[in-house]
Amino acid sequence: MTLDAVLSRVDTDFDASVARLMRLLEIPSISTDPAYSADCRRTAEHLAADLATLGLHAEARNTVGHPIVLAKSD
């Protein structure tokens, strides 16, 4: 998906896009505090799932520290 296509989709359904962003921001993923490590994992999984709804192949992957999210388009 091109950047223009992504921006068009956001413009078309702005309220839903803001709601998706708010759901992501509600997860307390404070990476500098070990007490939130499970939430950092949950954030990565949430983001990967959300990116998949946009047609990307996305996954959360483990690292030595916190997980990362890798995503790519076809």
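Look above for the structure.
Residues numbered from 1 in each chain as written. Predicted model: local features only at pLDDT ≥ 70, side-chain atom pairs only at ≥ 80, totals over all residues. Heavy atoms only, no water.

What follows concerns the pairing of strand 1 (residues 57-61). Here strand 1 runs beside strand 2 (residues 68-72); their pairing, made up of 5 bridges, is antiparallel. Looking across to strand 2, one finds that Arg 61 is bridged to Ile 68. Counting the residues between successive antiparallel strands, the hairpin from strand 1 to strand 2 contains 6 residues. (Pairing = 2+ DSSP bridges. Helix = DSSP H or I, 4+ residues; strand = E, 2+ residues; numbered from the N terminus.)

Attention now moves to a nonpolar patch on the surface. A surface patch of nonpolar side chains, amounting to about 470 Å² of accessible area, comprises Phe 14, Val 18, Leu 21, Met 22 and Leu 25. When you line up the elements, Phe 14 lands in helix 2 (residues 14-25). (Patch = residues over 30% accessible without salt bridge, like charges linked within 9 Å, V, L, I, M, F, W, Y side chains within 5 Å. Areas by Shrake-Rupley, 256 points an atom, 1.4 Å probe, with all protein chains shown as cover. Salt bridge = Lys/Arg side-chain N within 4 Å of Asp/Glu carboxyl O.)

A few words now on the pattern of salt bridges. Using the criterion set out here, one finds 4 salt bridges in the structure. Note that Arg 42 is salt-bridged to Asp 39, the shortest N-O span being 3.2 Å. Of this pair, Arg 42 and Asp 39 both sit in helix 3 (residues 37-53), 3 residues apart, roughly one helical turn. Linking Arg 61 and Glu 59 is a salt bridge whose minimum nitrogen-to-oxygen distance equals 3.0 Å. Look at Arg 61 and you get partly exposed, because its relative accessible area is 40%. On the basis of relative accessibility, which here comes to 39%, the residue Glu 59 falls in the partly exposed class. (Buried < 20%, exposed > 50% of the residue type's maximum accessible area, 1.4 Å probe, protein only.)

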